[in-house]
Amino acid sequence: MADRMMQFVSVPQATPPKRDVAVRRNDFGEIYDRFEQGKAAEQASRCEQCGIPFCQTHCPLHNNIPDWLRMTAEGRMEEAYELASLTNTFPEVCGRICPQDRLCEGNCVIEKGFESVTIGAVERHITDFAFAQGWVKPAKPRVERDQSVGIVGAGPAGLAVADQLRRKGYQVHVYDRYDRIGGLMMYGIPNFKLDKGIVERRNDILRASGMTFHLNEGIGETIAFEELRARHDAVFIGTGVYKARDVKLPGGGLDNVVPALGYLTASNRKNLGDVVPAFDDGRLDAAGRKVVVVGGGDTAMDCVRTAVRQGAAAVTCLYRRDRANMPGSQREVHNAEEEGVRFEWLAAPEAFLGDGEVNGVRAVRMRLGAPDMTGRQVPEPVPDSSFVVEADLVIKALGFDPEDMPGLFGQDELKVSRWGTITIDWKTMATSLDGVFAGGDIVRGASLVVWAVRDGRDAAEGIHRYLTAKALGSLDADALALAS
Ligand code: FAD
Ligand code: SF4
Ligand code: SF4
């Protein structure tokens, strides 16, 4: 067994081949090809099989990485899949879009100069392989329970709760204001990072496990939150964060100055074959236009790369800090640069210019000043350094805040933080309302799919303990859940 492993000295690190830039910038296909089985096994064999695996510690799901790497290296793919799916509801998604450089791979201890094991690519391969072999099956609960759970939001947090509770036999009802399930995996993250066929494939498995989806139903909109609580024995809130942050600048009301998520959602819907009036009439289509994207996070990177694929004449990204201090992944910046995006680092918008429609952005050069309380250097404008970038489409990608959840749900007792995120007890994932739990972006603020999955799985445990106690009429939830 051990002789197959620890090959990092002789086997160089390799990722699945990236598609040629001249081809991939013209379509929305995923930019990485897939590993062949032999290549995945070879890459997995580079693992040192650490006694204390830091990769696992730094994976939010504490995936059993060394063991599934060993199984992959030994060709024991069905076992590798069973193990990988034990801790992760969406291994094929996380393998594609986790920022591995900051999580598992960034903490792999392989000696400097040899480079980390390509954990994400192997995780993705294991589950893609399992789907191809027909090993991925819907959950089949051993018992059916009478108790039901209402889940608000069919994003990764809500779906992780739904999956875990369905496996335990609860009657699971998922409500979403959108017409498809998947949350930002479906309508936010572009195809070139996460093909929608991959999301749909998993959705089909979830549907077949016997959970019920109520789509086009907004809680606090078409169904009152109180009504939901009356229908179900417990409720989970996984509504994400959707209120776009804004900058109040002159010209902010001009036509063709648009928020990032509306732009990305229109593009994703178009790729799914939907009729999208705001795209079809040209408003949200970058084809032939000079596009400026404001922001330096992953959403900004997704916007610039979407604009390239729509056939923009030029794409410029303005970010007020430098490259080293941007919040987005360096891997994505590199991909964007390869695809022809121009970055203006240390540049902040001062005004959107135009008459009716935007025709440019006046920006000012910035420099990094003294650090603030968080230790991050504060950008400040360089006097007399303004310049103009021509633009006929400006996309604002400045982050997201939560909606007013107590207001939307008509629940003054729902405790929220000063940022508006829902406050929970992290041990149980319970909110301040009896029988109501929460997780994902609505609790953490804009975060990652992998953290949403973690929260969903933790919340499922909390809900199971709560419902077990409720069913048996006892308050000693922990003891009862252990006994069940
Ligand atoms: P969401 O995925 O937002 O799902 C919430 C769901 O709740 C939605 O379907 C919404 O319609 C529904 N909903 C909201 N309010 C209501 C209501 N009142 N009633 C009914 N339904 C409601 N993360 C990564 O790990 N890697 C990436 O590469 C990455 N790229 C990203 C790119 C973009 C453009 C964006 C915006 C985010 C990206 N993220 C990425 C972050 C990731 O998508 C989120 O952290 C994750 O989806 C949060 O999951 P969630 O379930 O909490 O919320
Ligand atoms: Fe790495 Fe994400 Fe997979 Fe964890 S879930 S092993 S962090 S790619
Ligand atoms: Fe293998 Fe790297 Fe994890 Fe160690 S840290 S177990 S070498 S993947």
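Computed from a predicted model, the values in this text were never measured in an experiment.

Scoring rules and cut-offs
Residues numbered from 1 in each chain as written. Chains lettered and ligands numbered in written order. Predicted model: local features only at pLDDT ≥ 70, side-chain atom pairs only at ≥ 80, totals over all residues. Heavy atoms only, no water. Phe/Tyr/Trp six-rings, centres within 6.5 Å; stacked < 30°, edge-to-face > 60°. Helix = DSSP H or I, 4+ residues; strand = E, 2+ residues; numbered from the N terminus. Buried < 20%, exposed > 50% of the residue type's maximum accessible area, 1.4 Å probe, protein only. Near = heavy atom within 4 Å. Polar contact = N/O pair within 3.5 Å; in protein donor to acceptor, adjacent residues only side chain to side chain. Areas by Shrake-Rupley, 256 points an atom, 1.4 Å probe, with all protein chains shown as cover. Nonpolar A, V, L, I, M, F, W, Y, C, P; charged D, E, K, R; others polar. Domains from an automatic or database assignment. Patch = residues over 30% accessible without salt bridge, like charges linked within 9 Å, V, L, I, M, F, W, Y side chains within 5 Å. Salt bridge = Lys/Arg side-chain N within 4 Å of Asp/Glu carboxyl O. Expected span 1.5 Å × (residues − 1). Contact = heavy atoms within 4.5 Å. Pairing = 2+ DSSP bridges. Axes fitted to C-alpha atoms, helices over the stretch in contact; angles between N-to-C directions.

J.: Which residues make up the packing of aromatic side chains, and what values go with them?
T.: Applying the stated criterion to the full structure yields seven aromatic pairs. Arranged with centres 4.4 Å apart and planes meeting at 5°, the rings of Phe-225 and Phe-409 form a pair that is stacked. Placement of the pair is Phe-225 in helix α11 (residues 225-231) and Phe-409 in helix α16 (residues 405-409), with a sequence separation of 184 residues. Under the relative-accessibility criterion, Phe-225 is labelled buried at 1%. Between Phe-437 and Tyr-466 the ring centres are 5.7 Å apart and the planes differ by 70°, which places this aromatic pair in the edge-to-face class. With Phe-437 in strand β16 (residues 436-438) and Tyr-466 in helix α18 (residues 449-472), this pair connects stretches of sequence that are 29 residues apart. By relative accessible area, Tyr-466 is classed as buried at 19%. One aromatic cluster in this structure is built from Tyr-178, Tyr-187 and Tyr-242.

J.: An account of the site of ligand 1 is requested, with residue identities and associated values reported.
T.: If you check the shell around ligand 1, you find 34 residues, and the closest are Ile-97, Asp-176, Lys-193, Ile-219 and Tyr-242. Within the backbone of Pro-156, one N or O atom sits 3.3 Å away from an oxygen atom of ligand 1. At 2.6 Å from an oxygen atom of ligand 1 is found a side-chain nitrogen or oxygen belonging to Tyr-242. For ligand 1, whose free accessible area comes to 1,000 Å², the fraction covered by protein is 97%. At the level of secondary structure, the elements contributing two or more residues to the shell around ligand 1 comprise α8 (156-167), α14 (298-310) and α18. Of the residues contributing to the shell around ligand 1, the split by class is 17 nonpolar, 11 polar and six charged. Here the shell around ligand 1 gathers at least three residues from each of two domains, domain 2 (148-241 + 402-483) and domain 3 (249-398).

J.: Describe a nonpolar patch on the surface, and please don't skip the residues or the numbers.
T.: On the surface, Ile-52, Phe-54 and Val-109 cluster together into a nonpolar patch covering about 290 Å² of accessible area. Counting through the fold element by element, Ile-52 comes out in the loop between α2 (37-44) and α3 (54-57).

J.: Describe helix α10 (residues 196-208), and please don't skip the residues or the numbers.
T.: Helical periodicity: at 3.6 residues per turn, an α-helix aligns residues three or four positions apart in one direction. Under the 1.5 Å per step criterion, the end-to-end length of α10 is 18 Å for 13 residues, consistent within 8% with the ideal 18 Å. What α10 keeps buried is the set Lys-196, Ile-198, Val-199, Arg-202, Asn-203, Ile-205 and Leu-206. On its buried side, α10 packs onto α6 (91-97), α7 (119-133), α8, α9 (184-187) and α12 (260-271). Between the side-chain oxygen at the start of α10 and the backbone nitrogen of Gly-197 there is a gap of 2.7 Å, and the oxygen is on Asp-195. Positive backbone phi, at 95°, marks Gly-210, one or two positions downstream of α10.

J.: Can you lay out the sheet that holds strand β4 (residues 234-237) for me, pointing to particular residues and giving the numbers?
T.: One open sheet holds the five strands; their spatial order is β3-β2-β1-β4-β16, and the pairing between them is parallel. Across the chains shown, the open sheet's two edge strands, defined by having one partner strand only, are β3 (212-214) and β16. Neighbour-to-neighbour, the strand axes of the sheet open up by a mean angle of 20°, direction not taken into account. Looking at chain direction, β4 and β16 are connected through three bridges and run parallel. Paired with Ile-237 across the strands is Ala-438, a residue of β16. The strands touched by α8 within the sheet are β1 (148-152), β2 (171-175), β3 and β4, with β2 carrying the most contacts at an inclination of about 165°. Where α18 meets the sheet, its contacts fall on β1, β4 and β16, and the angle it forms with β4 comes to roughly 165°.

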